[in-house]
There are 4 protein chains.
Amino acid sequence: MSTFGTHFRVTTFGESHCKGVGCIIDGCPPGLALTEDDIQPQLTRRRPGQSNLTTPRDEKDRVTILSGTEFGHTLGTPIGLTVPNQDQRPHDYTETDLFPRPSHADWTYLLKYGLKASSGGGRASARETIGRVAAGAVAEKFLKEAYGTEFIAFVSSVGKVAMPFIEEQSETGVPSDEFVEMLSTVTREQIDAEPTRCPDKEISKMMTQRIIDAKEANDSIGGTVTCVIRNVPTGLGEPCFDKLEAKLAHAMLSIPATKAFEIGSGFGGTQVPGHLHNDAWVQKTGRKGQKFLGTKTNFSGGIQGGISNGENIYFRIGFKSPATISQEQQTTSYGGVEGVLATRGRHDPCVVPRATPIVEAMAALVIMDAVMIQLARHGAASLLPPMPETPLRPAPFIMSVPGGQAIKVDETSKPKTE
Amino acid sequence: MSTFGTHFRVTTFGESHCKGVGCIIDGCPPGLALTEDDIQPQLTRRRPGQSNLTTPRDEKDRVTILSGTEFGHTLGTPIGLTVPNQDQRPHDYTETDLFPRPSHADWTYLLKYGLKASSGGGRASARETIGRVAAGAVAEKFLKEAYGTEFIAFVSSVGKVAMPFIEEQSETGVPSDEFVEMLSTVTREQIDAEPTRCPDKEISKMMTQRIIDAKEANDSIGGTVTCVIRNVPTGLGEPCFDKLEAKLAHAMLSIPATKAFEIGSGFGGTQVPGHLHNDAWVQKTGRKGQKFLGTKTNFSGGIQGGISNGENIYFRIGFKSPATISQEQQTTSYGGVEGVLATRGRHDPCVVPRATPIVEAMAALVIMDAVMIQLARHGAASLLPPMPETPLRPAPFIMSVPGGQAIKVDETSKPKTE
Amino acid sequence: MSTFGTHFRVTTFGESHCKGVGCIIDGCPPGLALTEDDIQPQLTRRRPGQSNLTTPRDEKDRVTILSGTEFGHTLGTPIGLTVPNQDQRPHDYTETDLFPRPSHADWTYLLKYGLKASSGGGRASARETIGRVAAGAVAEKFLKEAYGTEFIAFVSSVGKVAMPFIEEQSETGVPSDEFVEMLSTVTREQIDAEPTRCPDKEISKMMTQRIIDAKEANDSIGGTVTCVIRNVPTGLGEPCFDKLEAKLAHAMLSIPATKAFEIGSGFGGTQVPGHLHNDAWVQKTGRKGQKFLGTKTNFSGGIQGGISNGENIYFRIGFKSPATISQEQQTTSYGGVEGVLATRGRHDPCVVPRATPIVEAMAALVIMDAVMIQLARHGAASLLPPMPETPLRPAPFIMSVPGGQAIKVDETSKPKTE
Amino acid sequence: MSTFGTHFRVTTFGESHCKGVGCIIDGCPPGLALTEDDIQPQLTRRRPGQSNLTTPRDEKDRVTILSGTEFGHTLGTPIGLTVPNQDQRPHDYTETDLFPRPSHADWTYLLKYGLKASSGGGRASARETIGRVAAGAVAEKFLKEAYGTEFIAFVSSVGKVAMPFIEEQSETGVPSDEFVEMLSTVTREQIDAEPTRCPDKEISKMMTQRIIDAKEANDSIGGTVTCVIRNVPTGLGEPCFDKLEAKLAHAMLSIPATKAFEIGSGFGGTQVPGHLHNDAWVQKTGRKGQKFLGTKTNFSGGIQGGISNGENIYFRIGFKSPATISQEQQTTSYGGVEGVLATRGRHDPCVVPRATPIVEAMAALVIMDAVMIQLARHGAASLLPPMPETPLRPAPFIMSVPGGQAIKVDETSKPKTE
């Protein structure tokens with residue numbers, strides 16, 4: 001329904017043509033420094049009207065914290081967040097009174113709810129994502145302070161204009177070293193320097209032109225977003241149904257207009273034999289000098305058996321071209337009569353630049369929830385008396401990031417017979 | 001955790017080296033004809049030892065219904081299902097006492113749980129999927145009886161050997177007419193006629209060779225599975241976080257060894273402009289002569305705005321090459337010492353043939369749960385007095401399949417001003 | 001946490017000293033006529049300042065619907081509701097900076113969250129219940145329209161001043177005929193005619209005096225609320241953990257200051273042997289002339305085996321005396337120093353009159369959620385082909401109220417051998 | 001449905017006339033020493049045939065752990081538990097083919113599921129509680145090892161034969177000092193020494209006679225069970241809907257035949273004014289010499305604002321007289337025909353002696369789940385940087401038991417201005 005997460009649980013409300021949108025965050029840890037200023041930047045990155053590549057609707061999207069904080073810190077109680085709706089212009093959509101928009105949610109919402117709201121596919125609107133982005137910003141802040149975790153999403157392709165790594169991988173099946181290196185270093189500042197949110201300046205220019213072409217043709221175009229999560233705590237993800245990649249896929253495919261998800265080597269990796277695809281273990285040295293086991297390559301994308309291994313998590317999401325275009329489209333009316341629909345209104349010719357903060361938000365919500373589940377297990381197990389010597393080879397719980405607190409490899413996992 | 005679904009809720013247990021595996025199905029509607037014979041066939045399709053392409057372990061995998069049925073019908077109470085473990089040979093895995101297998105769950109399970117079970121990545125074992133397949137068979141039976149819904153999964157690629165539609169789509173961005181037609185007609189019998197479970201006989205031969213090559217090289221290889229769901233009730237999928245494709249992605253990425261998911265036109269569709277990608281509405285005629293709105297093309301994959309529109313749902317899943325191979329691998333031990341691991345034991349060189357019933361099962365669990373949520377909404381709304389005339393244009397609830405009961409297009413959705 | 005219900009799911013936010021309180025209702029059926037005017041009356045019945053028996057804080061408590069409705073009807077999407085906080089006077093509570101109030105949540109909130117908000121036991125405040133009452137009003141409206149279900153709560157005792165049935169039952173162990181009759185006839189109007197919300201005018205006068213005595217002594221007093229639910233659909237309640245009485249008990253004990261719950265004959269009934277306590281079955285005639293099986297007595301309180309049988313559901317809840325009193329209390333400070341606390345501020349000397357709409361709201365939320373679960377099961381089972389003749393003796397689903405649609409006793413449940 | 005808990009999550013299956021009953025425990029912390037021997041004792045305490053006061057059915061009730069442990073320790077993966085059904089004698093119930101038993105679940109199960117299983121009210125059977133008791137034993141073992149928490153339930157009344165504290169409290173409204181003292185000292189051994197499980201030998205004799213009288217009269221009798229939880233971690237219970245007493249009430253009212261629940265001073269306490277009912281704070285000294293804030297009296301029952309304060313939690317549950325009696329009962333058949341039902345079969349004349357381990361089990365499940373939620377919050381908050389000086393007066397998280405690790409009263413909660 002409209003709730004995501006078990007411990008860090010977000011419930012959203014609102015559609016395009018009501019008084020406001022927002023969410024309730026339940027389960028946020030107490031004591032986190034939090035004001036509207038921590039949330040607004042991601043909302044501003046998400047909102048329309050940022051450049052000539054996005055819809056000119058100038059939604060202000062100012063967030064208000066209604067509850068759950070005091071003196072600039074979270075209380076542990078539910079955080080109510082609202083953003084008022086402005087600049088709605090409901091009459092822009094009147095043509096859709098006759099025709100369900102092709103590939104939009106107008107018809108399926110009618111099938112589902114038995115009635116037709118002003119905004120057609122009501123909650124399918126991109127405006128619904130405001131609550132997610134607000135909640136994600138809170139999760140991101142916690143994870144940054146607790147573990148130094150970073151969420152970086154960027155545009156990796158628009159139509160057929162793609163960053164080179166995509167082509168390379170479709171040939172070799174696995175990500176290139178340059179790509180993997182880029183994932184470790186790319187910054188949000190580099191990404192925001194480009195209107196397309198593609199950090200490759202040359203490719204970004206071509207993408208910009210591709211979007212402008214679509215706009216001028218009253219058309220639209222799809223693209224892909226790539227996201228990396230750095231400094232991920234280990235041990236996240238719940239066997240068997242809530243594997244970490246399963247939750248990430250769920251989260252990403254819940255974003256409007258998404259059609260595809262791949263993690264690590266993804267579809268390309270299916271072509272590569274095991275002896276080339278397996279990520280060998282190597283001992284690495286963390287920022288504080290501690291030793292830990294990492295992987296030589298990272299074709300797994302930081303997750304093995306559904307559980308994070310501490311390496312970067314990275315994945316790519318496919319967004320289709322927006323359904324609402326101003327071109328004339330031959331289609332059929334609600335009543336079954338063939339005709340031509342030409343939608344007016346202001347629409348994004350391409351959603352991927354604005355989708356990047358939504359991807360980051362959903363990723364942060366997944367990681368945050370997984371962290372709290374693992375902390376519960378960790379906390380409970382640590383209360384038990386030490387296990388006797390058995391082949392289970394008891395290890396103290398390990399929940400850390402490569403550059404963070406020491407992973408006690410030696411004591412915990414010493415093999416019996418080595 | 002180990003529970004999937006809200007209304008039709010499956011909880012599984014068991015790993016490779018315990019007494020048994022199984023599940024509890026809670027929320028199955030009462031009055032469904034059900035015996036072990038309805039469940040066993042899918043378990044048999046899943047089990048190892050079916051051909052020389054799969055692991056020679058001959059697990060019998062006989063299921064027993066412990067509760068929840070009487071006189072061959074479900075009671076509505078929880079259905080307990082168990083399958084005993086046989087032929088475990090725990091000593092096959094002793095080398096992994098020293099080395100966590102590369103790209104396997106051995107190390108991440110240790111990170112997560114702080115101890116090391118005999119089976120290494122315990123619940124990451126394919127054996128855990130028995131409970132899913134059993135539960136999926138029950139859901140599938142209900143949906144077949146209630147709506148005629150069909151779930152058909154087949155192998156669409158092994159390594160670089162792929163059915164032609166994959167190549168075609170990577171060029172044009174959208175599925176070809178032939179592929180879409182094939183989705184409507186392919187049968188489970190055609191699929192099971194091939195050891196690879198690829199319905200294209202020529203391609204299947206090449207796939208067989210590819211798998212044998214991997215096996216002989218003590219190596220492994222990945223592949224993709226494509227699944228189509230036919231006769232899907234309309235209106236399934238819950239905005240906003242539980243869009244139907246999001247639940248499907250979650251379900252599929254929870255299957256061991258999966259790395260990628262795409263629905264409808266998928267990644268290819270991101271390259272295609274909106275005016276080509278939009279699925280125009282057309283009036284269609286059902287098997288009983290009723291009129292309904294369908295789509296001319298089906299690049300959406302049967303889901304729009306997260307909600308099923310009654311067209312075929314189809315998606316493709318990427319499975320990596322299995323991590324456990326008998327070749328020597330240079331890696332590092334639990335204790336941080338470099339060395340060489342050569343795993344003994346009997347392992348699938350390629351999991352996709354056996355994965356097809358698992359994919360079908362997970363798809364059935366997703367659809368079943370979505371059906372029950374929509375039935376609750378439908379049932380509740382139908383108890384209300386009729387709405388007055390407003391622009392909401394109230395429509396009686398519509399939940400059917402194209403060939404099934406009439407969709408009342410004319411009365412329900414007549415636009416005001418046409 | 002702050003979410004209640006599975007299908008009709010309410011999430012609340014807000015404490016005393018933040019900008020506002022409210023809730024999100026997710027899963028409300030589409031097409032329900034709903035405006036603020038449907039919600040406000042129960043909020044007004046709940047709010048302080050209604051008589052000299054309640055706290056003089058005059059909270060306006062005007063509710064705003066932010067989303068989920070259009071043209072006065074629900075859309076099926078989440079309904080966001082807010083009520084701004086006014087008249088907060090945070091400085092009233094300063095003494096509690098030094099001393100945790102005895103029997104209040106100040107200290108336990110500090111234990112739980114590790115910090116101390118202005119309002120002490122933040123979400124333990126009665127103000128938190130506004131979101132519940134608003135959501136309950138929506139559930140109540142649906143159930144009234146769908147089934148004619150009625151929720152009536154009244155004050156049955158204040159301190160030792162109790163309606164006669166309580167004394168009678170403590171003697172005989174079972175409810176008297178007069179009491180059972182009263183449950184079927186008492187109206188909300190009769191209840192609201194008394195400032196105490198006790199429908200017995202004589203007892204109400206004594207209760208009023210008891211509350212005024214407490215107020216004048218800077219003291220407080222407890223009491224009990226009795227609630228009856230009439231025209232309850234049959235078949236509600238989920239074995240085994242979510243029996244209907246278990247959900248009702250959960251809901252009622254989640255209301256601040258509650259300490260006890262009994263349903264039907266309750267504690268008194270434990271003293272009565274089975275042959276006197278069992279409710280014999282009798283054939284009854286509904287308002288529309290239909291026959292149905294009901295019970296001669298109703299010591300079960302309308303629920304058997306955790307499932308509603310169509311008779312009135314009734315239960316009683318114990319509320320302790322409010323913890324915050326203006327008398328001096330000998331206690332110990334946060335820092336462990338003994339001292340005297342005399343709380344200022346405006347506090348209810350007795351919560352039970354204002355608690356009645358909260359009880360009704362929570363009862364409505366429980367019944368609403370149970371209705372939707374049963375509708376899902378009902379809808380699913382009704383799609384199956386008819387069962388063959390077996391001792392399971394298949395019966396069409398029966399979900400109705402005694403005076404409502406016919407219960408098909410004859411056809412459905414005819415015994416084999418009678 | 002049939003799942004209880006969020007983190008420590010139990011799902012049960014099985015009814016009287018199927019092959020077996022059991023449960024899956026998901027979320028058990030890894031590393032807990034656990035074999036069947038840890039679970040069997042409580043099952044044995046629950047099973048019938050223990051004395052002449054209970055049903056003579058001699059169910060062996062031997063539990064088998066199917067998964068989730070190895071080398072005698074939990075792995076963190078789901079624990080599957082089964083107990084086979086024996087000695088079912090399905091034909092004992094044939095009379096109930098014609099008549100739904102008064103006050104039993106036969107009729108309501110038919111209303112709910114539309115069919116009639118052999119066991120009538122299937123999952124309403126006491127046999128369903130086996131899975132709960134098994135799961136509760138695991139939770140209890142963890143809590144004993146982690147915190148020294150103890151769960152002690154005993155029979156406090158049978159019919160009108162009651163331990164003196166019940167009468168005393170109905171007079172004074174609050175528990176006596178002797179009763180509170182007894183709660184701190186009573187042992188399971190003392191309780192099991194009596195066939196009634198009432199630790200007061202004199203009262204137990206009278207109870208025994210009362211039960212024998214009922215048995216000889218082919219009748220049945222109800223009673224109450226009182227439970228105390230000692231050494232409870234502080235900070236447990238989730239505002240606002242999942243207050244600890246709400247979860248306990250939910251758990252207890254989900255046990256078959258329960259009708260009433262009261263915690264702390266309960267219904268009696270509603271008669272007592274605030275200045276007498278409030279529990280003053282006092283500084284206490286723990287077993288290790290540490291200082292902590294406790295309460296002078298404990299009328300709150302160890303929970304304030306829905307959160308545990310570290311004092312003993314105690315509550316009382318009312319069980320009605322069993323519905324199935326061998327006397328002739330005038331009633332009405334499924335088909336609406338009046339007649340006389342005389343049930344054969346072996347039935348408990350009084351359930352409370354056997355109910356005590358079920359009460360303990362459900363209490364342990366509630367506490368265990370609450371512990372894990374609080375550990376998640378605790379763990380997350382402890383990762384944050386220290387809060388600056390604000391009136392929130394940040395305190396390190398406190399989760400301990402009075403006799404356990406030190407509660408840091410002085411540093412954490414020192415008021416600024418004292």
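Before any of the text, the structure's been laid out above.
Reading the values: rules and limits
- Residues numbered from 1 in each chain as written.
- Chains lettered and ligands numbered in written order.
- Predicted model: local features only at pLDDT ≥ 70, side-chain atom pairs only at ≥ 80, totals over all residues.
- Heavy atoms only, no water.
- Contact = heavy atoms within 4.5 Å.
- Salt bridge = Lys/Arg side-chain N within 4 Å of Asp/Glu carboxyl O.
- Polar contact = N/O pair within 3.5 Å; in protein donor to acceptor, adjacent residues only side chain to side chain.
- Helix = DSSP H or I, 4+ residues; strand = E, 2+ residues; numbered from the N terminus.
- Pairing = 2+ DSSP bridges.
- Expected span 1.5 Å × (residues − 1).
- Buried < 20%, exposed > 50% of the residue type's maximum accessible area, 1.4 Å probe, protein only.
- Buried area = accessible area lost by both parts, 1.4 Å probe.
- Nonpolar A, V, L, I, M, F, W, Y, C, P; charged D, E, K, R; others polar.
- Least-squares fit on C-alpha atoms with pLDDT ≥ 70 in both.
- Phe/Tyr/Trp six-rings, centres within 6.5 Å; stacked < 30°, edge-to-face > 60°.
- Lys NZ or Arg CZ within 6 Å of the ring centre and 35° of its normal.
- Axes fitted to C-alpha atoms, helices over the stretch in contact; angles between N-to-C directions.
- Patch = residues over 30% accessible without salt bridge, like charges linked within 9 Å, V, L, I, M, F, W, Y side chains within 5 Å.
- Areas by Shrake-Rupley, 256 points an atom, 1.4 Å probe, with all protein chains shown as cover.
- Lys, Arg positive; Asp, Glu negative; His and termini not counted.
- Charge placed at Lys NZ, Arg CZ, Asp CG, Glu CD.

Visitor: How should I be thinking about the interface of chain B and chain A in this particular structure?
Guide: Many analyses report the size of an interface as the accessible area lost when the parts associate. Taken together, the contact between chain B and chain A spans 124 residues of the former and 124 residues of the latter. In this assembly, chain B and chain A are joined by two salt bridges. Our count for the contact surface shared by chain B and chain A stands at 58 residue pairs in polar contact (both at pLDDT 80 or more). The element contributing the most residues to the side of chain B that touches chain A is helix α2 (residues 106-113) of chain B, with seven residues.

Visitor: Just to check I follow, could you spell out the sheet that holds strand β2 (residues 9-13) of chain A for this structure?
Guide: All names here are of chain A. Spatial strand order, β1-β2-β3-β7-β4: five strands in an open sheet with antiparallel pairing. The open sheet is flanked by β1 (3-4) and β4 (64-65), the only strands paired with a single partner. As defined by bridge partners, β2 adjoins strand β3 (residues 20-26) across five bridges and the pair is classed as antiparallel. In the sheet register, Thr11 faces β3, and the bridge partner there is Ile24.

Visitor: What's the story with helix α7 (residues 201-216) of chain C in this structure? I'm lost.
Guide: For an α-helix, the turn length of 3.6 residues means that residues three or four places apart are oriented alike. Residues and elements named next belong to chain C. With 16 residues, α7 should cover 22 Å at 1.5 Å per step; its first-to-last C-alpha distance of 22 Å lies within 8% of that length. Considered for burial, the residues of α7 that qualify are Ile203, Ser204, Met207, Thr208, Ile211, Ile212 and Ala214. Among the structural elements, β8 (150-158), β9 (161-162), α4 (164-172) and α11 (352-381) are those in contact with the buried residues of α7. Structurally, the start of α7 carries an N-cap: the backbone nitrogen of Glu202 is 3.1 Å from a side-chain oxygen of Asp200. At the exit of α7 stands Asn218, carrying a positive phi of roughly 50°.

Visitor: Please clarify how the sheet that holds strand β2 (residues 9-13) of chain D should be interpreted in this entry.
Guide: Two strands in a sheet stick together by hydrogen bonds in their backbones, pointing the same way (parallel) or opposite ways (antiparallel). Residues and elements named next belong to chain D. In space, the five strands of this open sheet follow the order β1-β2-β3-β7-β4, with antiparallel pairing throughout. In this open sheet, the two edge strands, each paired with only one partner strand, are β1 (3-4) and β4 (64-65). The pairing of β4 with strand β7 (residues 79-84) spans two bridges and is antiparallel. Across the sheet, the residue bridging to Thr64 is Thr82, located in β7.

Visitor: It is not clear to me how the interface of chain C and chain D should be interpreted in this structure. Could you clarify?
Guide: Each partner contributes residues to the interface: chain C has 124 residues there, and chain D has 123 residues. For the pair chain C and chain D, the summed buried area comes to about 10,000 Å², and 58% of that belongs to carbon and sulfur atoms. The interface formed by chain C and chain D includes two salt bridges. The salt bridge involving Lys112(C) is made with Glu238(D); its shortest N-O contact spans 2.9 Å. With seven residues, the top contributor of residues to the side of chain C that touches chain D is helix α2 (residues 106-113) of chain C. Of the residues belonging to the side of chain C that touches chain D, the class tally is 54 nonpolar, 44 polar and 26 charged. As paired strands, strand β11 (residues 258-263) of chain C and strand β11 (residues 258-263) of chain D are joined by three bridges and run antiparallel to one another. The partner of Glu262(C) across the bridge, within β11(D), is Ala260(D).

Visitor: Teacher, can you tell me more about the pairing of β7(D) here?
Guide: Successive residues of a regular strand alternate their side chains across the two faces of the sheet. Residues and elements named next belong to chain D. Across the six residues that make up β7, a large majority, five, are buried. Alignment of strand β3 (residues 20-26) against β7, held across six bridges, turns out to be antiparallel. Bridging across to β7, Val21 finds its partner in Val83.

Visitor: Got a minute to help me understand the pattern of salt bridges in this structure?
Guide: A side chain with one charge may pair with a side chain of the opposite charge, provided their charged atoms come close. Counted according to the given criterion, the structure contains 84 salt bridges over all chains. Close ionic contact of Arg127(C) with Asp61(C) constitutes a salt bridge, the shortest N to O distance being 3.0 Å. In this pair, Arg127(C) is assigned in the loop between α2 and α3 (129-147) and Asp61(C) in the loop between α1 (36-46) and β4 (64-65), connecting sequence segments 66 residues apart. The two residues Arg127(C) and Asp61(C) agree in class, both being buried. For Asp192(D), the salt bridge goes to Arg45(D), with nearest N and O atoms at 2.8 Å. One end of the pair, Asp192(D), is in helix α6 (residues 188-192); the other, Arg45(D), is in helix α1 (residues 36-46), and 147 residues separate them in sequence. Its relative accessible area of 36% is what places Asp192(D) among the partly exposed residues. Taking the relative accessible area as the measure of exposure, Arg45(D) reaches 8% and is therefore buried. Through salt bridges with shared partners, a single network forms among Arg45(A), Glu140(A), Arg188(A), Asp192(A), Arg197(A) and Glu360(A).

Visitor: Could you clarify how one ought to interpret the relation of the copies chain C and chain D in this entry?
Guide: The relation between the two copies of this chain is a rotation about an axis and a shift parallel to it. The two copies are related by a screw motion: chain C maps onto chain D through a turn of 180° and a shift of 0.0 Å along the axis, at an RMSD of 0.0 Å. Such a combination of turn and shift is consistent with a two-fold rotation axis. Of every C-alpha in chain C, the one belonging to His250(C) sits nearest the axis of rotation, 2.3 Å from it. Taken together, the interface assignments show that 99% of the residues at the interface of chain C recur at the interface of chain D, consistent with an identical surface on both copies.

Visitor: Looking at this structure, how should I read the relation of the copies chain B and chain A?
Guide: By a simple turn and slide, chain B fits onto chain A: the slide is 0.0 Å along the axis, the RMSD is 0.0 Å, and the turn is 180°. Of the interface residues in chain B, 100% have counterparts in chain A that sit at the interface too, so the contact is made through matching surfaces.

Visitor: Explanation requested: the packing of aromatic side chains in the structure shown.
Guide: Centre distance and the angle of the planes are the two values used to describe a pair of aromatic rings. Scanning the model with the defined rule gives 30 aromatic pairs over all chains in all. Relative to Tyr314(B), the ring of Phe179(B) lies with its centre 5.7 Å away and its plane at 80°, an arrangement referred to as edge-to-face. Separated by 135 residues along the polypeptide, Phe179(B) in helix α5 (residues 177-185) and Tyr314(B) in strand β16 (residues 313-319) bring together distant segments of the chain. Residue classification places Phe179(B) among the buried residues on the basis of a relative accessible area of 4%. One aromatic cluster in this structure is built from Trp107(A), Tyr334(A) and Trp281(B). Residue placement shows Arg316(B) over the ring face of Phe267(A); its charged tip is 4.5 Å from the ring centre.

Visitor: Is there a simple way to explain the environment of Gln40(A) in this structure?
Guide: Residue and element names in this part refer to chain A. Tracing the sequence through the fold places Gln40 in helix α1 (residues 36-46). Sequence-wise, Gln40 and Thr64 are 24 residues apart; in three dimensions their C-alpha atoms are separated by 9.3 Å. Those residues in contact with Gln40 that sit more than four places away from it in its chain are Lys60, Asp61, Arg62 and Val63.

Visitor: In this structure, what is going on with the packing of helix α1 (residues 36-46) of chain B against helix α11 (residues 352-381) of chain B? I would like to understand it.
Guide: What describes two packed helices is the angle between their axes and the distance between those same axes. Residues and elements named next belong to chain B. In contact at an axis separation of 7 Å, α1 and α11 are set at 145° when each is read in the N-to-C sense. From α1, Gln42, Arg45 and Arg46 reach across to α11, where they touch Arg354, Thr356, Pro357, Ile358 and Glu360. Across the contact of α1 with α11, the residue classes tally to two nonpolar, two polar and four charged.

Visitor: Just checking my understanding: could you explain a negative patch on the surface for this structure?
Guide: Residue and element names in this part refer to chain A. Judged by side-chain charge, Glu167, Glu168, Glu171, Asp177 and Glu178 come together as a negatively charged surface patch. Taken together, the elements giving at least two residues each to the negative patch come down to α4 (164-172) and α5 (177-185). Among the elements that take part in the negative patch, α4 stands out by supplying three residues, more than any other. Under the relative-accessibility criterion, Asp177 is labelled exposed at 64%.

Visitor: How should I be thinking about the environment of Ala361(D) in this particular structure?
Guide: Residues and elements named next belong to chain D. Here Ala361 lies in helix α11 (residues 352-381). Separated by 20 residues in the primary sequence, Ala361 and Leu341 place their C-alpha atoms 35 Å from one another. Residues in contact with Ala361, not counting those within four places in the same chain, are Arg132, Val133 and Gly136.

Visitor: Explain the side chain of His104(A) to me, please; I cannot follow it from the model alone.
Guide: Structurally, His104(A) can be placed in the loop between β7 (79-84) and α2 (106-113). Ignoring sequence-local partners within four residues, the contact set of His104(A) consists of Ala323(A), Thr324(A) and Gln304(B).

Visitor: Sorry, what's going on with unusual backbone geometry here?
Guide: Working note: non-glycine residues mostly have negative phi, and peptide bonds are mostly trans. Look at the link from Pro239(A) to Cys240(A): it is a cis peptide, with omega at -5°. Mapping Cys240(A) onto the fold places it in the loop between β10 (223-230) and α8 (244-253). Backbone geometry places Arg197(C), a non-glycine residue, at a positive phi of 60°. With respect to the secondary-structure elements, Arg197(C) resides in the loop between α6 (188-192) and α7. Backbone geometry at Asn218(D) places phi at a positive 50°, although glycine is not the residue there. Within the secondary structure, Asn218(D) sits in the loop between α7 (201-216) and β10 (223-230). Looking at Asn218(D), the relative accessible area reads 39%, which means it is partly exposed.

Visitor: Teacher, can you tell me more about the side chain of Gln40(C) here?
Guide: Judged by its relative accessible area of 6%, Gln40(C) falls in the buried class. A polar side-chain atom of Gln40(C) sits 3.1 Å from the main-chain amide nitrogen of Val63(C).

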